[in-house]
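# Observations on chain architecture
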Amino acid sequence: MGADMPAIIGAGGIKNHKIEGDHATPAGIWPLRRVFYRADRVPSPVCHLPVEPLGPHDGWCDDPAHPDYNRHITLPHPARHERLWRDDHVYDILVVLGYNDDPVQSGRGSAIFLHLPPRGGRPTEGCVAVAEVLLRQLLAAGLGEIEVRPA
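Residues numbered from 1 in each chain as written. Predicted model: local features only at pLDDT ≥ 70, side-chain atom pairs only at ≥ 80, totals over all residues. Heavy atoms only, no water.

Attention now moves to the pairing of strand 11 (residues 145–148). Where burial is concerned, the two faces of strand 11 differ: the one with Ile146 and Val148 is buried and the one with Glu145 and Glu147 is not. The pairing of strand 3 (residues 28–37) with strand 11 spans four bridges and is classified as antiparallel. Bridge assignment links glycine 28 to a residue of strand 11, and that residue is valine 148. (Buried < 20%, exposed > 50% of the residue type's maximum accessible area, 1.4 Å probe, protein only. Helix = DSSP H or I, 4+ residues; strand = E, 2+ residues; numbered from the N terminus. Pairing = 2+ DSSP bridges.)

The following block contains the structure:
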């Protein structure tokens, strides 16, 4: 939307060549694909993207050796994965970014989301995090992509 905004990024910094497990946030321009939210905690975000409430069986495959790598999955799942239904509030609003998804390349990184900040301002594991009020404003204004670049 033409504006710079501060964000929390991965502990590994911003990298042009992300690999699975490096805790880096990938540099580039990433489209927003869809939004998940915790309907038991927060109201649905207003936006033009597909919006879906999360449930306890939602997950994301982060196993580079599995055909479901970097895809939304239903739990239980046989491959390594991340639970999207978390005890903390980081994924109360979760925007799927179009990183390594068209096509998916094994080992190039998975589960790169735009979400709420970790407690205490800690770094993410490679995602981009912004405050809930800002995320809601951006989604309502029609945000369609983000550019991740070093400061």
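It is worth spelling out the sheet that holds strand 7 (residues 81–83) at this point. The pairing of strands in a sheet comes from backbone hydrogen bonds and takes either a parallel or an antiparallel form. Taken together, the three strands give an open sheet; going across it, the order is 6-5-7, and neighbouring strands pair in antiparallel fashion. Edge strands, defined here as strands with exactly one partner in the open sheet, are strand 6 (72–74) and strand 7. Within the sheet, the average angular offset between the axes of one strand and its neighbour, ignoring direction, is 40°. Taken together, the three bridges between strand 5 (residues 58–61) and strand 6 define a ladder with antiparallel strand orientation. Note on strand 6: the bridge partner recorded for aspartate 58 is threonine 74. (Axes fitted to C-alpha atoms, helices over the stretch in contact; angles between N-to-C directions.)

Attention now goes to the side chain of asparagine 70. Assignment of secondary structure puts asparagine 70 in the loop between strand 5 and strand 6. Overall, asparagine 70 belongs to the buried group, its relative accessible area being 5%. Other than its neighbours up to four places away in sequence, asparagine 70 contacts Trp60, Cys61, Tyr99, Asn100, Asp101, Val104, Gly109, Ser110 and Ala111. (Contact = heavy atoms within 4.5 Å.)

Scanning the model with the defined rule gives 12 salt bridges in all. Across the salt bridge formed by aspartate 101 and arginine 33, the nearest N and O atoms sit 2.7 Å from each other. With a gap of 68 residues between them, aspartate 101 in the loop between strand 8 (93–97) and strand 9 (113–115) and arginine 33 in strand 3 connect regions that are remote in the sequence. Arginine 33 sits in the partly exposed class, given a relative accessible area of 35%. In this structure, arginine 136 engages glutamate 132 in a salt bridge whose closest nitrogen and oxygen atoms are separated by 3.0 Å. On the criterion of helical spacing, the pair formed by arginine 136 and glutamate 132 is a turn pair, its members being four residues apart in helix 1 (residues 132–140). Classification of arginine 136 as partly exposed rests on a relative accessible area of 21%. For glutamate 132, a relative accessible area of 30% translates into the label partly exposed. One network of salt bridges, with partners in common, ties together Asp4, Glu147 and Arg149. (Salt bridge = Lys/Arg side-chain N within 4 Å of Asp/Glu carboxyl O.)

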